[in-house]
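Observations on the three-dimensional arrangement
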Amino acid sequence: MKFIYILPIFMISLLLLSCENSANPPNVILILTDDQGYGDLSRNKNQLIQTPHLDQLFDRGATVPNFYVSPVCAPTRASILTGRYYQRTGVHGVTRGRERMNVQEETMGDVFQDAGYSSGIFGKWHNGGNYPYHPLFRGFDLFTGFTSGHYPSYIDAPIQKNGKTINTKGYLPDIFTDEAIGFIAQASKDNKPFFCFLTYQTPHTPLHVPDSYFNKYKEKGIDDFTAALYGMVDNIDYNLGRLIDAMNQMKLEENTIIVFLSDNGPLTYRYNMDLKGKKGMVDEGGVRVPFNISWKGHIGEGIQLDQSLAHIDLLPTLKELTGIKSKPKHFLDGKSFAPQLRGEKKELNRFLFENLGDRMRVLKDSLLLTAEGLYNIKQDPGQKEDISIKFPEQKQLLQTKFDQWQQDLPEKPEVLPIQIGFSEKLPVILEASQADLFPPFQFRKDRRHTGIAYHSLYGWAHDWVDEWTKTEAYIGWPVEVKEASSYQVFMEYALDSVNQKVKLILEAGDQQFQIPDLKPFTPELLHDYDRVPRVVEAPARAWKAFKVGEIQLPKGKYDLKLKSVQIGGNKSIELKSILLKKKN
């Protein structure tokens, strides 16, 4: 399995027609990878991986050895986009709607779009899938990719392009790079500054990577899991090289800021420069990521900023570098480090905080306080020696600052509702993985005994409801309906012939819609590209949406509930999603 990518003829034409216009403000390319660890670069002393283009990029700009993000995907993205701690934005998790970002938040896309930039995002979004959380309503003119936390397949996969589903051929990171290059070429041809947000979903699982990358690392004697991860990083490096080559052809390198970082630490324990922890943890290995910012002729080559910086600092920094003077709509937690990039000796003199899932972290200079102790990360990046007894006053200061920060945050966040009827541009998709299952049960535990569960137990993105064996169990989505109206109802489901006599009711407030008898349907399993069998993620299947009728949705906020009032065989349907289209 090897893919060779040749830019389409129309794109080559755009490259040749494009030229730099120094009168324009600088363009911005923000590259965000997914689950790439601090040690997943050859320049960071990893002797197994090869990332020559990334190494060259880092040599051409400013690196920040102590750059911090959040422990998991959606919170990091919310902080990058807003310049605020994600706890202020409504985001408080990665699934079940906890990844949705408040519509009142001003995003980086909004800022650049309002300043006259063409704005596009290519890859993974993960801050809400329906209007108004969708990227096309958050400051981006163009979107090619997917909105969920991960994707079931990276090869020949259907994705979204500007609100419509398209079928692709090839490897998604290569396709996203093609889309980004085309977007840049068109913006340059139109003589418009651009903001390009290129958000690779790799090296996040599933372990899908073309043979040439995988075999390269298997030949080094690396286990399949790590060989696939390193192969995905190698592919990112290849695509970065393609992107930079395209920019050079368009003569954009002197008027384009390039930012590179990852959204959190590595999924697995592997080489990570002896940092403690991994993805999901507040230790250094979970939140310290590779970071570089370059701008030829404006940011010194090979410089290093030794202060601790973070995702919340990106928006104010990019605004200052590009000369955007707009006043933020909300208070920004982040601070611009543009002066430091210009060589000014300026200390930010602040604390950096984290509290994901009550896992606390506060950092000031080289002192890090977690629930496990106080550490000097400059001398002890592996957090092996708790120095709390030696420095009780410093520990108390950090704890006090953390407590004060906690008190300044919103109270316990609520899941933002799925909005219905607020936009006619996109249909509303009620993913099973975005629903709450009743009766409630502990998250990330086997709940099959409750009479309803997820196929792959945890219910990550693209999972579906299965093991529905009790009529008292049901599915619910928190929704907000703008105005009473009729909607066509479509369902993606699976149903065995032995369970055909199932009876379903969709409840919306005081309205009920009895779904007619469903025909048996088994979605085909798609080709398995997994290098290592997946454990907690649902397999890729070819689901089909069947129209099952119409329902009158009343205005207001409530839970839209799907109930199985009769189970004909040993279980009810398997549900992937419900799709609602407003009747004209």
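Residues numbered from 1 in each chain as written. Predicted model: local features only at pLDDT ≥ 70, side-chain atom pairs only at ≥ 80, totals over all residues. Heavy atoms only, no water.

Let us now look at the overall build of the protein. Helix and strand content of the protein: eleven helices and 30 strands. Against the 2.2 N^0.38 benchmark of 25 Å for 584 residues, the protein shows a C-alpha radius of gyration of 24 Å, consistent with a compact globule. The buried share of the protein, taken over its 584 residues, is 61%. Considering only residue pairs separated by 6 or more positions, the protein has 72% of its internal contacts joining residues 24 or more positions apart. In the structure as shown, the protein presents an accessible area of about 24000 Å², 49% of it carried by carbon and sulfur atoms. One way to put it: in the protein the 70 positive side-chain charges average out to a point 3 Å from where the 71 negative ones average out. (Helix = DSSP H or I, 4+ residues; strand = E, 2+ residues; numbered from the N terminus. Rg over C-alpha atoms; globule rule 2.2 N^0.38 Å. Buried < 20%, exposed > 50% of the residue type's maximum accessible area, 1.4 Å probe, protein only. Contact = heavy atoms within 4.5 Å. Areas by Shrake-Rupley, 256 points an atom, 1.4 Å probe, with all protein chains shown as cover. Lys, Arg positive; Asp, Glu negative; His and termini not counted. Charge placed at Lys NZ, Arg CZ, Asp CG, Glu CD.)

Once that is clear, we can look at the sheet that holds strand β13 (residues 352-354). Within the open sheet, the four strands sit side by side as β13-β14-β15-β16. Their pairing is antiparallel. Either end of the sheet is taken by a strand with one partner, and the two such strands are β13 and β16 (373-376). In this sheet, adjacent strand axes meet at a mean angle of 15° when their direction is disregarded. Pairing of β13 with strand β14 (residues 361-364) involves three bridges; the strand directions are antiparallel. Bridge pairing links Glu 354 to Arg 361 in β14. (Pairing = 2+ DSSP bridges. Axes fitted to C-alpha atoms, helices over the stretch in contact; angles between N-to-C directions.)

So, about the packing of helix α5 (residues 172-189) against helix α7 (residues 224-249). Look at α5 against α7: their axes get within 10 Å of each other, and the N-to-C directions meet at 15°. Considering their axes alone, α5 and α7 lie roughly parallel with respect to each other. Note on packing geometry: the crossing formed by α5 with α7 is right-handed. For the pair α5 and α7, contact is made by Pro 173, Asp 174, Thr 177, Asp 178, Ile 181 and Ile 184 and by Asn 235, Tyr 238, Asn 239, Arg 242, Leu 243 and Ala 246, respectively. Its residues assigned to classes, the contact of α5 with α7 shows six nonpolar, three polar and three charged. (Parallel < 35°, antiparallel > 145°, perpendicular 65-115°, else oblique. Left-handed = near helix turned anticlockwise from the far one by under 90°. Nonpolar A, V, L, I, M, F, W, Y, C, P; charged D, E, K, R; others polar.)

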